[in-house]
Amino acid sequence: MEGPTPVSALIHAATMVTAGVFLIIRCSSIFENVPSIMVIITFLGAFTAFLAGTVGLTQNDLKRVIAYSTCSQLGYMFLVAGLSNYQISFFHLYNHAFFKALLFLSAGSVIHALSDEQDMRKMGGLSDFIIFTSLCMIVGSFALEGFPFSTGFYSKDAILEITNVQHTMDGQFASLLGHLSVLTTVFYSTRSFFYTFIEDPLSFKKSLLNSHESNYIMSIPLFILMIFALYIGFFSKDFITGVGTNY
């Protein structure tokens, strides 16, 4: 969806894009009575996670990479909901909101710094100019990848563990594509960070020299989201997924 970056962050994190998952979670008692539909949801979720991940590998627009990663993560939420683990699905939905908003707003800060340039092939070397934004982007990328002890780790790892212990055809299919999708996530996240911040500068010299960190109005939300992307999964895991919880 084309639109201003703050709008993209809100839509992908918490509103329209995630509404379908939330609908299935809230209507779980209805879906549980139709096992064949649950199998379809699992297959479609696993296929979506993998397909969107592979599409993300080929994108050169910084915001499009993050947008396709949202589609891939939604696949994870659907496949685990199809396996009747609705609390894990909601946990990933909840965690995903923080690090995806962080990634989109960090991308907006990068685009703002380079005078509205969105093509990653025309970026590079920005870690020397916008250090705080690069830190936010790497924290968001780690959470998206499920790096150990980041927010995304606690829900994404739980999803993969659940698929591993399923001895049904749909569960094994979800396990296979779920693990392959992790590889695509790591690849496109690392690729986008490398193109944007590490590689030799490929942008116009004037844009690079004029690049600057965002003002406090943009930086404060980034800082808050970065803290949540690091810690919220740890503090809420026992409440949602702990032994004995009736969530």
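Placed above this text is the structure.
> Tell me about the side chain of N95, and name the residues and values.
Mapped onto the fold, N95 is located in helix α6 (residues 86–113). Residue classification places N95 among the buried residues on the basis of a relative accessible area of 0%. Among all residues touching N95, those that are not within four sequence positions of it are T151, S155, I232, G233 and S236.

> Could you give an account of the environment of G124, naming the residues involved and the relevant values?
You can see G124 is positioned in the loop between α6 and α7 (131–145). Residue G124 is classed as buried on the basis of its relative accessible area of 0%. Separated by 76 residues in sequence, G124 and D200 have C-alpha atoms that sit 5.4 Å apart.

> Describe in detail empty space enclosed by the protein, supporting the description with residues and values.
Summed over the entire model, instances satisfying the criterion amount to 1 cavity of 30 Å³ or more. Forming the walls of the largest cavity are V65, I66, S69, L103, M137, S141, L144, Y188, S189 and S192. Looking at the lining of the largest cavity, the elements with two or more residues in it are α5 (62–82), α7 and α9 (169–198). Residue composition of the lining of the largest cavity, grouped by class: 6 nonpolar, 4 polar and no charged.

> Mind laying out the packing of aromatic side chains, listing which residues take part and the relevant values?
Scanning the model with the defined rule gives 11 aromatic pairs in all. Ring centres of Y154 and F234 lie 6.2 Å apart, and the angle between their planes is 55°; on these two criteria the pair is classed as tilted. Taken together, the residues span a long stretch of sequence, with Y154 in helix α8 (residues 151–164) and F234 in helix α11 (residues 216–241) at a distance of 80 residues. Of the residues examined, Y154 reaches a relative accessible area of 15% and is grouped as buried. Residue classification places F234 among the partly exposed positions, given a relative accessible area of 42%. Clustering of aromatic rings is evident, with ring pairs tying together F22, F90, Y94, F98 and F228.

> Please provide a residue-by-residue account of unusual backbone geometry, values included.
With a phi close to 70°, S84 is a non-glycine residue in the positive phi region. The partly exposed category is assigned to S84, whose relative accessible area is 36%. One non-glycine residue, F149, lies in the positive phi region at around 75°. Structurally, F149 is set in the loop between α7 and α8.

> Could you give me a rundown of α5, with the residues and numbers involved?
Compared with an ideal rise of 1.5 Å per residue, which puts 21 residues at 30 Å, α5 spans 31 Å between its outermost C-alpha atoms and is within 8% of the ideal. The buried fraction of α5 amounts to 16 of the 21 residues, a majority that puts the element mostly inside the structure. For α5, the N-terminal capping position is held by D61, with its side-chain oxygen 2.9 Å away from the main-chain nitrogen of K63. With its phi angle positive at about 70°, S84 sits one or two positions after the end of α5.

> If you had to explain helix α4 (residues 35–56) to someone new, which residues and values would you point to?
Over its 22 residues, α4 runs 32 Å from end to end, which matches the ideal 32 Å to within 8%, given 1.5 Å per residue. Buried within α4 we find M38, I41, T42, G45, A46, A49, A52, G53 and G56. Buried positions in α4, seen along its axis, are confined to an arc of 145° and lie on one side of it.

> Can you tell me about the packing of α8 against α9, naming the residues and giving the values?
The relative placement of two packed helices comes down to the angle between their axes together with the axis-to-axis distance. Viewed as axis vectors pointing N to C, α8 and α9 meet at an angle of 145°, and their least axial separation amounts to 8 Å. Seen from above, α8 lies across α9 with left-handed handedness. Listed contacts from α9 to K156, L160, T163 and N164 of α8 are G171, Q172, A174, S175, G178, H179, V182 and T185. Partitioning the contact of α8 with α9 into residue classes produces 3 nonpolar, 8 polar and 1 charged.

Criteria and thresholds
- Residues numbered from 1 in each chain as written.
- Predicted model: local features only at pLDDT ≥ 70, side-chain atom pairs only at ≥ 80, totals over all residues.
- Heavy atoms only, no water.
- Helix = DSSP H or I, 4+ residues; strand = E, 2+ residues; numbered from the N terminus.
- Buried < 20%, exposed > 50% of the residue type's maximum accessible area, 1.4 Å probe, protein only.
- Contact = heavy atoms within 4.5 Å.
- 1 Å grid on protein atoms, 1.4 Å probe; cavity = no way out; pocket = protein on both sides within 12 Å on 5 of 7 lines; lining within 4 Å.
- Points joined across faces, edges and corners; volume = space filled by probe spheres on them.
- Nonpolar A, V, L, I, M, F, W, Y, C, P; charged D, E, K, R; others polar.
- Phe/Tyr/Trp six-rings, centres within 6.5 Å; stacked < 30°, edge-to-face > 60°.
- Expected span 1.5 Å × (residues − 1).
- Polar contact = N/O pair within 3.5 Å; in protein donor to acceptor, adjacent residues only side chain to side chain.
- Arc of directions from axis to C-beta.
- Axes fitted to C-alpha atoms, helices over the stretch in contact; angles between N-to-C directions.
- Left-handed = near helix turned anticlockwise from the far one by under 90°.

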